[in-house]
Amino acid sequence: MIKTNPETLNEIKAVRNVMSIANYYTVSQEFIDEAYDFLMKDKNNSIDCGLSKIVFKAANQAVKEFQVDRPVSSIDGLIVTTALLRVIPHYTPSSSSSGWSGSSSNNNNNNNNNNNNNNNH
C-alpha cells in the first residue's frame, strides 16, 4: 500500500492506478511509493509501462526509467496518470490468410474470357 493515506478523490484514484502496476509488473514497495509521489507532484505527469521498462514522464519527457520484467503476457503496456489507467492489450495477429488465395487464377480466367470475347467480334 502507499505510504500516505489518500484524502481526496484524486489521491484515491492515483493510489488505485499506481497499485494496478503491481498487477502486471514485478515492482517493489519503494517503486510504488515513488510512482505515487511522482504522479502527485504534477497532474500532467504520467507513467508509461512497456514490455521491458517503466518510464516516468513529465511534460512528455522521460525523467526516469526502470528496467522490469513483465510477468503477464496478456498486455503490451499501461499508461498511468492520477486520473487514468489505460491498459494496452497484447495484440496477436491471426494466422488466417488475407483472402487473396486463388485471385491470380481468377484473374487469368477473366483475362482469357475477355480475350475470347474480343476475338469473337
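Here we summarise the structure given alongside this text. (Residues numbered from 1 in each chain as written. Predicted model: local features only at pLDDT ≥ 70, side-chain atom pairs only at ≥ 80, totals over all residues. Heavy atoms only, no water.)

1. A closer look at the pairing of strand E3 (residues 61–67)
For strand E2 (residues 53–58) and E3, the ladder comprises six bridges, and the chain directions are antiparallel. For Ala-58, the partnering residue across the bridge sits in E3 and is Gln-61. Here E2 folds back onto E3, and the loop between the two strands holds two residues, one of which, Ala-59, carries a positive phi near 55 degrees. (Pairing = 2+ DSSP bridges. Helix = DSSP H or I, 4+ residues; strand = E, 2+ residues; numbered from the N terminus.)

2. Points about the side chain of Thr-82
Mapped onto the secondary structure, Thr-82 falls in the loop between strand E4 (75–80) and strand E5 (85–89). Excluding its chain neighbours within four sequence positions, the residues that come into contact with Thr-82 are Asn-10, Lys-13, Ala-14, Asn-17, Leu-39 and Met-40. (Contact = heavy atoms within 4.5 Å.)

3. Looking at the sheet that holds E2
The five strands are arranged E3-E2-E1-E4-E5 in an open sheet whose pairing can be described as antiparallel. Looking along the sheet, the strands with just one partner apiece sit at the ends: E3 and E5. Direction aside, neighbouring strands of the sheet carry axes that sit 15 degrees apart on average. Helix H1 (residues 9–24) contacts strand E1 (46–49), E2, E4 and E5 of the sheet and is inclined by roughly 165 degrees relative to E4. (Axes fitted to C-alpha atoms, helices over the stretch in contact; angles between N-to-C directions.)

4. Section: the pattern of salt bridges
Applying the stated criterion to the full structure yields three salt bridges. Between Glu-34 and Lys-64 there is a salt bridge; the shortest N-O distance is 2.5 Å. You can see Glu-34 sitting in helix H2 (residues 29–41) and its partner Lys-64 sitting in strand E3, a full 30 residues away along the chain. What makes Glu-34 partly exposed here is its relative accessible area of 29%. (Salt bridge = Lys/Arg side-chain N within 4 Å of Asp/Glu carboxyl O. Buried < 20%, exposed > 50% of the residue type's maximum accessible area, 1.4 Å probe, protein only.)

5. Some words on the packing of aromatic side chains
Scanning the model with the defined rule gives four aromatic pairs in all. Seen in terms of ring centroids, Phe-38 and Phe-56 are 4.7 Å apart; in terms of plane orientation they differ by 20 degrees. Their pairing is stacked. Taken as a pair, Phe-38 in helix H2 and Phe-56 in strand E2 lie far apart in primary sequence, 18 residues in all. Each member of the pair Phe-38 and Phe-56 is classed as buried. Summarising the aromatic geometry, the rings of Phe-56 and Phe-66 are spaced 5.0 Å apart at their centres and angled 55 degrees between planes, so their arrangement reads as tilted. Of this pair, Phe-56 sits in strand E2 while Phe-66 sits in strand E3, and the two are ten residues apart along the sequence. By the ring-pair criterion, three or more aromatic residues cluster together here, those being Phe-31, Phe-38, Phe-56 and Phe-66. (Phe/Tyr/Trp six-rings, centres within 6.5 Å; stacked < 30°, edge-to-face > 60°.)

6. Side note on the packing of H1 against H2
H2 packs onto H1 with a crossing angle of 140 degrees between their chain directions and a minimal axis gap of 10 Å. In terms of their interaxial angle, H1 and H2 are classed as oblique. Helix-helix and strand crossings are classified by hand; for H1 and H2 the assignment is right-handed. Counting all contacts with H1, which are made through Asn-10, Glu-11, Ala-14, Val-15, Val-18, Met-19, Ile-21 and Ala-22, the residues of H2 involved are Phe-31, Ile-32, Ala-35, Tyr-36, Leu-39 and Met-40. In terms of residue class, the contact of H1 with H2 is made up of twelve nonpolar, one polar and one charged. (Parallel < 35°, antiparallel > 145°, perpendicular 65-115°, else oblique. Left-handed = near helix turned anticlockwise from the far one by under 90°. Nonpolar A, V, L, I, M, F, W, Y, C, P; charged D, E, K, R; others polar.)

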